[in-house]
Amino acid sequence: MAQKTVLIVYAHQSPGSFNAAVRDVAMRELAEQGYRVIVSDLYAMNFSANATQDDIIGDLKSPELFQYGEETMHAWMEGRLSDDIVAEQRKVEEAELIIFQFPLYWFSVPAIMKGWMDRVLTQGFAFSLEKLYNNGIFKDKKAMLSFTTGATQTMFRPDGINGDINIALWPLQNGTLHFCGFQVLPPQIFWSPAHCPSAVRTAMLEGWRARLKGLLGEKPLTFAPCELFDLSFQGGFMLWPKVREERDSQPYGLTTGHHLGKPLPPDNQITAQSAGESSAKTDYRK
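What you are looking at is a predicted structure, and each value in this text was computed from that prediction instead of being measured.

### Quick look at the overall build of the protein
Phase 1 of the analysis: Within the protein, the secondary structure is distributed over eight helices and six strands.
Phase 2 of the analysis: Summarising its shape, the C-alpha atoms of the protein cover approximately 55 × 50 × 45 Å along the three principal directions.
Phase 3 of the analysis: For the protein, buried positions account for 47% of its 286 residues.
Phase 4 of the analysis: Excluding contacts between residues fewer than 6 apart, the proportion of contacts in the protein whose partners are at least 24 apart in sequence is 72%.
Phase 5 of the analysis: Summed over all atoms, the accessible surface of the protein reaches about 14400 Å², with 54% contributed by carbon and sulfur.
Phase 6 of the analysis: Looking at the protein, you have 27 positive and 32 negative side-chain charges, and the mean spots of the two groups are 6 Å apart.

Below, the structure written as structure tokens:
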């Protein structure tokens, strides 16, 4: 049996950081389990966050109006992407699981990691109009966010000053990872380690180590499957009317993003939940 691979995309400037300690725990524990662990240390690599014409080798298809997405799609199809992008795409292809390790910046990833997502997850390689979400290109791969916060956990509750963490995570977990087809595992959140005693930080790392022992067998987060939507421009890529009717009697919306004007399903973006309500196998076109 071929050795399985885990890719850690890591973004922190200091080797003495808590993020580095979290990364090291993952590297050791997963290696002990027999996984091949690859780390893309973005700051150490001086990875460019800029999505520019330099990412394309050779002539542009439309030099009069540069459109990054279109140009990189054609460059990917023709083998004309820059070497640094190609190297990262090969890592993605090899990985069964990708862990994004970072400190939360402005409710999102650091710019260098956003640049990795912008440049590496090109159209054609990571997604297409026909291959999205649960039917996406990476539907057989898993991905997850592992990050530290400056704020305490209570500050990210629905009644906390920062608002619900589930809402903050929706763009990254649904709009980037699941959009490309990844099965998204619940995030590993290290709440405010800079303001915790040493013993608490040690306990955080031990909790992460314990979770890693069964990580690849975990159930992913629940998202609304494509089958619930009319996937046509005429239908506006909207929920089938029958789905809306069925949800009328439910106390919660489908997901954090598809709330349908109802209360959000509790912790939809941080806890794996039952997919029992999913109607993915029902043909709503009838």
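Here the narrative resumes.
### Details of the packing of helix H4 (residues 83-94) against helix H5 (residues 111-120)
The relative placement of two packed helices comes down to the angle between their axes together with the axis-to-axis distance.
Phase 1 of the analysis: Packing of H4 against H5 leaves a shortest axis separation of 10 Å and a crossing angle of 90 degrees. The orientation of H4 relative to H5 falls into the category roughly perpendicular. Note on element contacts: H5 touches H4 through Trp116, Arg119 and Val120, opposite Asp84, Ile85, Glu88, Gln89 and Val92.

### Regarding the confidence of the model for the protein
Phase 1 of the analysis: Mean pLDDT over the protein works out to 94, with 95% of the residues at or above the 70 mark.
Phase 2 of the analysis: Predicted confidence for residues 275-280 stays below pLDDT 50, and this span has ten contacts to residues more than four positions away or in other chains.

### Details of helix H6 (residues 165-177)
Phase 1 of the analysis: For H6, which comprises 13 residues, the first-to-last C-alpha distance of 17 Å matches the rise-based estimate of 18 Å (1.5 Å per residue) to within 8%.
Phase 2 of the analysis: Listed in full, the buried residues belonging to H6 are Ile165, Asn166, Ala168, Leu169, Trp170, Leu172, Gln173, Asn174, Thr176 and Leu177.
Phase 3 of the analysis: On its buried side, H6 packs onto strand E3 (97-103), H5, strand E4 (142-148), strand E5 (183-184) and strand E6 (188-190).

### Side note on the packing of aromatic side chains
Phase 1 of the analysis: Taken as a whole and assessed by the stated rule, the structure comprises 13 aromatic pairs.
Phase 2 of the analysis: Judged by centre distance (5.2 Å) and plane angle (85 degrees), the rings of Tyr133 and Phe179 are edge-to-face. A residue pair is termed long-range when its members are at least 10 positions apart, and Tyr133 in the loop between H5 and E4 and Phe179 in the loop between H6 and E5 qualify at 46 residues.
Phase 3 of the analysis: The class for Tyr133 is partly exposed, based on a relative accessible area of 24%.
Phase 4 of the analysis: Chaining the aromatic ring pairs together yields one cluster made of Phe18, Phe190 and Trp208.
Phase 5 of the analysis: Positioned over the ring face of Phe47 is Arg119, at 4.9 Å from the centre of the ring.

### Re the side chain of Asn174
Phase 1 of the analysis: Inspection of the secondary structure assignment puts Asn174 in helix H6.
Phase 2 of the analysis: Residue class for Asn174 comes out buried when judged on its relative accessible area of 7%.
Phase 3 of the analysis: When neighbours within four sequence positions are excluded, Asn174 is seen to be in contact with Tyr133, Leu169, Phe179, Phe223 and Gln269.

### What about the nonpolar core?
Phase 1 of the analysis: Formed by 40 residues in total, the largest nonpolar core has its most connected members in Ile98, Phe100, Phe102, Met113 and Trp116.
Phase 2 of the analysis: Every element with two or more residues in this core is listed here: strand E1 (5-10), E3, H5, E4 and H6.
Phase 3 of the analysis: Looking at which element gives the most residues to this core, the answer is H6, with six residues.

### Structural notes on the side chain of Gln101
Phase 1 of the analysis: For Gln101, the location among the structural elements is in strand E3.
Phase 2 of the analysis: Relative accessible area serves as the criterion here: at 1%, Gln101 is assigned to the buried category.
Phase 3 of the analysis: Only 2.6 Å separates the side chain of Gln101 from the side chain of Ser146, close enough to count as a polar contact.
Phase 4 of the analysis: Beyond its immediate sequence surroundings of up to four residues, Gln101 is in contact with Ile8, Val9, Tyr10, Ala11, Asn19, Val22, Met113, Ser146 and Phe147.

### Side note on the pattern of salt bridges
Phase 1 of the analysis: Counted under the stated rule, the structure contains 13 salt bridges.
Phase 2 of the analysis: Residue Arg119 pairs with Asp55 through a salt bridge whose shortest N-O separation is 2.7 Å. Pair noted here: Arg119 is in helix H5 and Asp55 is in the loop between helix H2 (42-45) and helix H3 (68-77), with a separation of 64 residues, a long-range link. By the burial criterion, Arg119 is buried, and Asp55 matches it.
Phase 3 of the analysis: For Lys91, the salt bridge is made with Glu88, and the minimal N-O distance between the two is 2.8 Å. Of this pair, Lys91 and Glu88 both sit in helix H4, three residues apart, roughly one helical turn.
Phase 4 of the analysis: According to the relative accessible area criterion, Glu88 is buried, its value standing at 2%.

### Here's the deal with the environment of Arg157
Phase 1 of the analysis: Tracing the backbone through its elements, the reader meets Arg157 in the loop between E4 and H6.
Phase 2 of the analysis: The exposure class of Arg157 is partly exposed, given its relative accessible area of 42%.
Phase 3 of the analysis: A C-alpha to C-alpha distance of 10.0 Å links Arg157 and Asp267, two positions 110 residues apart in sequence.
Phase 4 of the analysis: Contacts of Arg157, omitting those with residues within four sequence positions, involve Gly163 and Asp164.

What counts and how
- For every chain, the first residue of the written sequence is number 1, and numbering continues from 1 onward in sequence order.
- Restriction of local features to residues with pLDDT of at least 70 applies here, the model being predicted, together with a cutoff of 80 or more for giving and counting side-chain atom pairs; totals for whole chains, interfaces and linings are based on all residues.
- Excluding hydrogens and water, the side-chain figures rest on all heavy atoms present in the structure.
- Labels follow the DSSP assignment, with helices taken as runs of H or I lasting at least four residues and strands as runs of E lasting at least two, numbered in each case from the N terminus.
- Relative accessibility under 20% of the residue-type maximum defines a buried residue, over 50% an exposed one, and the middle range a partly exposed one, all with a 1.4 Å probe and only protein chains included.
- In this analysis, two residues are considered to be in contact whenever any of their non-hydrogen atoms come within 4.5 Å of each other.
- The protein chains shown are the only cover counted for residues, whose accessible areas, like all others here, come from Shrake-Rupley with a 1.4 Å probe.
- Residues counted as positive are Lys and Arg, residues counted as negative are Asp and Glu, and His and the chain ends are not counted.
- Lys charges are placed at NZ, Arg charges at CZ, Asp charges at CG and Glu charges at CD.
- Here the axes come from fitting lines to C-alpha atoms, over the contacting stretch only for helices, and the angles between their N-to-C directions go from 0 to 180 degrees.
- An angle below 35 degrees is read as roughly parallel, one above 145 as roughly antiparallel, one from 65 to 115 as roughly perpendicular, and any other as oblique.
- Across the chain, each position has a pLDDT score giving the predictor's confidence in that residue, from 0 to 100.
- Helix span, expected: 1.5 Å multiplied by one less than the number of residues in the helix.
- Side-chain rings of Phe, Tyr and Trp, where Trp is taken by its six-membered ring, are said to pair if the distance between their centres is within 6.5 Å; with planes under 30 degrees apart they count as stacked, over 60 as edge-to-face, and otherwise as tilted.
- Two limits define a charge over a ring: the Lys NZ or Arg CZ must be within 6 Å of the ring centre, and within 35 degrees of the ring normal.
- Residues belong to one nonpolar core when they are buried, are Ala, Val, Leu, Ile, Met, Phe, Trp, Tyr or Cys, and are joined through side-chain atoms within 4.5 Å.
- Counting of polar contacts relies on pairs of N or O atoms within 3.5 Å, with two restrictions inside protein: one atom must be capable of donating a hydrogen and the other of accepting it, and residues adjacent in sequence are counted only when both atoms are side-chain atoms.
- Definition used for salt bridges: Asp or Glu carboxyl oxygen within 4 Å of a side-chain nitrogen of Lys or Arg.

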